[in-house]
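Summary of structural features
If you want the building blocks of each chain, they are given just below.
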Amino acid sequence: DKRFCVSFSSLQTRSLLSVFEEDAGTLTDYTNQLLQSMQRVYGAQSEMGLATEQLSRQLLEYEKQNFALGKGDEEVISTLQQFAKTVGELNTLHSELATQMADRMIFPMIQFREKDLTEISTLREIFGIASDEHEAAMVKYSRLPKKKENEKVKAELVGEVAYSRRKQHQASMQYYCALNALQYRKRVAMLEPMLGYTQAQINFYKKGIDLVSKKMDSFLGSVSSMTQNIQAQLDSEAEAMRMTQRELLSMEDTVYMPDRDPAPVNRTLIQKAGYLNIRNKTGLVTTAWDRLYFFTQGGNLMCQPRGAVAGGMVLDLDNSSVMAVECEDRRYCFQITSPNGKTLILSSVSHLQWICTLNNISRQIYLTDNPEAVAIRLNQTAIQAVTPITSFEKRGEGSPNPDRAKPGGMQSSSGASQKTSSAPEPEDLIVPGTPIQFDIMLPASEFQDQNRVGGRRTNPFGETDDDCSPESDDSLLQQVFAVRFLGSMAVRSGQTQEVIYEAMRQVLAARAIHNIFRTTESHLMVTSSCLRLIDPQTQVTRIGFQLQEVTQFVAHQENGRLMGFVVEGRDWSEDDEEGEPSFSAFVFESNTEGDKICYTISLGKDIMEAKKDPEALVQLLKNMPLTNEGKFLLLDNETGNTANGGAPDEEESEA
């Protein structure tokens, strides 16, 4: 029996009291720790209720998200909505569980600590005060003198000792009773909170089972099947990706090299998008390349800078010229030139595809009802219009009309004699399979020297042996134009402009078919005696013609920057002293309107004819303004030359 009685002054009582006090102190410390653990459980349960409530709201927010790839998520949205409803119901159960924990677990433990343990502490302080007062009274009483006793003082001290003993006795009895009762109350205090916690959890789980098992068995089964199907699709896709990766790893390094064989160019595209490098000026003579995202929209070239929400228009592509160009600091370059003269220089590994697509757009194919079909038809027409050079020798036998091999040949079929005066057929203008030359490799004088070696033969450029050097040129007219040579070919006749139009069509189609987009800028000098094509860097004459040999010249009807002319030459391959007449058509692209070049050539011919009649020359001089040097004043030279043919400024080709 742990209780003790009235003999509080004995040593045994004091020893037993210390044991009870030590037990009460240990119980107080343990109770505080246990209460902290219970409060932590309660806090976690309360947080669970708040978390499940937030989870329910967040599941409903999925439907409001604007996913860029959210197509086909309707089944996921409906499933998440059902889960949100279930989580909301579980939140109610969690909130109810938290309330039960507060009432059945936390409150009894707090009540035990505040009532019982605090009472023990208070009674201990009261008992200590009473013991101290009793000790003080006994000290006073023990100091009374024996020889001279004062009855009055002695009686007061006796009364004080008796009062303090009674007070100590009452305090000790209350303290001892509280200590004895604490041994029973602590057992109840330890068991009652856990009983309430366990009952609350059992109630929670019962309601949870009723909620989940009875209402959601079929739903959870369908969700499980759906996730398994999605996982199977993921595994299939992952396996396909792994196979693709193995194939890529097994390929040779040449596949990734930038200069490998390019893919065939699709000539029917009317839309394209991708990253391009654009050249921008950063100073008077310095430039920088920026990598930006470009795309076509209708007839416009658009650009979307980094971080921008939408793109803006850079250039109107209608009737624009798109050609490949050479740049010193970048490969795969091409240039876009608009009709108003604005130019862009861009670079891309797929520059050939960009050039074909932009050229299709510049023809305004996108405005037709079926743009792709029109692009395919135009491409097929271009392929049919041009025969590769390698088949030229085979066309003699397979030609439907061999008599057309020479100009002026007689028609053998009776149907041909009934031909009307309508537009001539292409076969009447140019022999099918005629080779096309896309560049002029040698100056005219060197080419003439080569032609003279081993006898006289046909000059493929239609040149004559007459001197057309700048030293012998004392003409009144001297005009220079910046042009790009596109091609030349032999033609049947030089008396109609239709032959030049047909040559233009075949040259441009051949360039497109054979992916020949690069051109070289030259200076075309027109005088009253000859035409000369001059290298702007070396001032070497690449090719020259006497003006009287130019039989026809005309600018393109739709693309005003295209112009061409026909030159008459002689073919001495038939052992004829005079030689058979031969004609060659030359096609150029100018930085200005081709009509200006044609007008200058026409004026040169007029001056050449007027020189034969002095009166006609005087009349012509009166009607035209002259420069200070006495030459005809037409317009400023495009190349920045002076009237006497000074050195040109360095300009980049617009081809």
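An unreviewed UniProt entry lists the chain under the name DCC-interacting protein 13-beta, from Oncorhynchus kisutch.

Examining the sheet that holds strand β4 (residues 312-316)
Two strands in a sheet stick together by hydrogen bonds in their backbones, pointing the same way (parallel) or opposite ways (antiparallel). With antiparallel pairing, the seven strands of this open sheet are ordered in space as β4-β3-β2-β1-β7-β6-β5. Among the strands making up the open sheet, the edge pair consists of β4 and β5 (321-327). Each strand axis lies, on average, 40 degrees off the axis of its neighbour in the sheet, ignoring direction. Here strand β1 (residues 273-281) pairs with strand β7 (residues 343-347) via two bridges, running antiparallel. Note that in β7 the partner of I278 across the bridge is L346.

Quick word on the side chain of R561
Note on placement: R561 falls in the loop between β12 (550-555) and β13 (562-571). Here R561 falls in the buried class, since its relative accessible area comes to 15%. Reaching out from R561, the side chain makes a polar contact with the side chain of S321 at a distance of 3.4 Å. In this structure the side chain of R561 is engaged in a polar contact, spanning 3.3 Å, whose partner is the side chain of E589.

As for the nonpolar core
Grouped together as the largest cluster of nonpolar side chains are 27 residues, with contacts concentrated most on F112, I120, Y175, L179 and L182. Tallying contributions element by element places helix α2 (residues 74-142) first for this core, with eleven residues. Setting aside anything within four residues of it in sequence, one finds F112 in contact with L27, T31, L117, L182, R185, K186, A189 and M190. Membership of the second largest hydrophobic core comes to 26 residues, among which are F586, I597, L603 and I607.

Let's talk about the environment of T434
Mapped onto the elements, T434 comes out in the loop between α7 (426-429) and α8 (444-452). By relative accessible area, which is 10% here, T434 ends up buried. Taking C-alpha positions, T434 is 6.8 Å from A490, a pair spaced 56 residues apart along the chain. There is a polar contact of 2.5 Å between the side chain of T434 and the backbone oxygen of V431.

Topic: unusual backbone geometry
The phi dihedral of Y332 is positive, around 55 degrees, even though this residue is not glycine. You can see Y332 is positioned in strand β6 (residues 330-337). Positive phi, normally seen in glycine, also occurs at Q539, with a value near 60 degrees. Within the secondary structure, Q539 sits in the loop between β10 (530-534) and β11 (541-546). Residue Q539 is classed as partly exposed on the basis of its relative accessible area of 36%.

Comments concerning the packing of helix α1 (residues 11-61) against α2
Two elements in contact, α1 and α2, have axes whose closest approach is 8 Å; the angle formed by their N-to-C orientations is 160 degrees. The angle between α1 and α2 places the two elements in the roughly antiparallel class. For the element pair α1 and α2, the recorded crossing hand is left-handed. Taken together, the residues of the contact of α1 with α2 break down into 29 nonpolar, 14 polar and five charged.

A few points about a nonpolar patch on the surface
On the surface, L248, M251, V255 and Y256 cluster together to form a nonpolar patch covering roughly 360 Å² of accessible area. Mapped onto the secondary structure, M251 falls in the loop between α3 (151-250) and β1. We classify M251 as partly exposed; its relative accessible area is 38%.

A short note on the packing of aromatic side chains
Under the defined criterion, the tally for this structure stands at 14 aromatic pairs. When the ring of F83 is compared with that of F219, the centres are 5.1 Å apart and the planes differ by 65 degrees; the resulting orientation is edge-to-face. Remark: F219 occurs in helix α3 and F83 occurs in helix α2; sequence separation between them is 136 residues. Taking relative accessible area as the criterion, F83 reaches 24% and is therefore assigned partly exposed. The class for F219 is buried, based on a relative accessible area of 16%.

With respect to the environment of S522
In this fold, S522 is placed in strand β9 (residues 521-527). Judged by its relative accessible area of 0%, S522 falls in the buried class. Along the sequence, S522 and P536 sit 14 residues apart, while their C-alpha atoms lie 5.8 Å from each other. Those residues in contact with S522 that lie beyond four places of it in its chain are F481, A482, V483, L533, I534, P536 and R542. Engagement of the side chain of S522 in a polar contact is seen with the side chain of R542, the distance being 2.6 Å.

Details of the sheet that holds β13
The sheet built from seven strands is open, its strands ordered β11-β10-β9-β8-β14-β13-β12 with antiparallel pairing. Among the strands making up the open sheet, the edge pair consists of β11 and β12. Within this sheet the neighbouring strands show an average axis-to-axis angle of 30 degrees, counted without direction. Packing of helix α9 (residues 498-513) onto the sheet brings it into contact with β8 (478-491), β12, β13 and β14 (580-590), and relative to β8 it is tilted by some 80 degrees.

Each value, and the rule that gives it
Residues numbered from 1 in each chain as written. Predicted model: local features only at pLDDT ≥ 70, side-chain atom pairs only at ≥ 80, totals over all residues. Heavy atoms only, no water. Pairing = 2+ DSSP bridges. Helix = DSSP H or I, 4+ residues; strand = E, 2+ residues; numbered from the N terminus. Axes fitted to C-alpha atoms, helices over the stretch in contact; angles between N-to-C directions. Buried < 20%, exposed > 50% of the residue type's maximum accessible area, 1.4 Å probe, protein only. Polar contact = N/O pair within 3.5 Å; in protein donor to acceptor, adjacent residues only side chain to side chain. Core = buried A, V, L, I, M, F, W, Y, C linked by side-chain atoms within 4.5 Å. Contact = heavy atoms within 4.5 Å. Parallel < 35°, antiparallel > 145°, perpendicular 65-115°, else oblique. Left-handed = near helix turned anticlockwise from the far one by under 90°. Nonpolar A, V, L, I, M, F, W, Y, C, P; charged D, E, K, R; others polar. Patch = residues over 30% accessible without salt bridge, like charges linked within 9 Å, V, L, I, M, F, W, Y side chains within 5 Å. Areas by Shrake-Rupley, 256 points an atom, 1.4 Å probe, with all protein chains shown as cover. Salt bridge = Lys/Arg side-chain N within 4 Å of Asp/Glu carboxyl O. Phe/Tyr/Trp six-rings, centres within 6.5 Å; stacked < 30°, edge-to-face > 60°.

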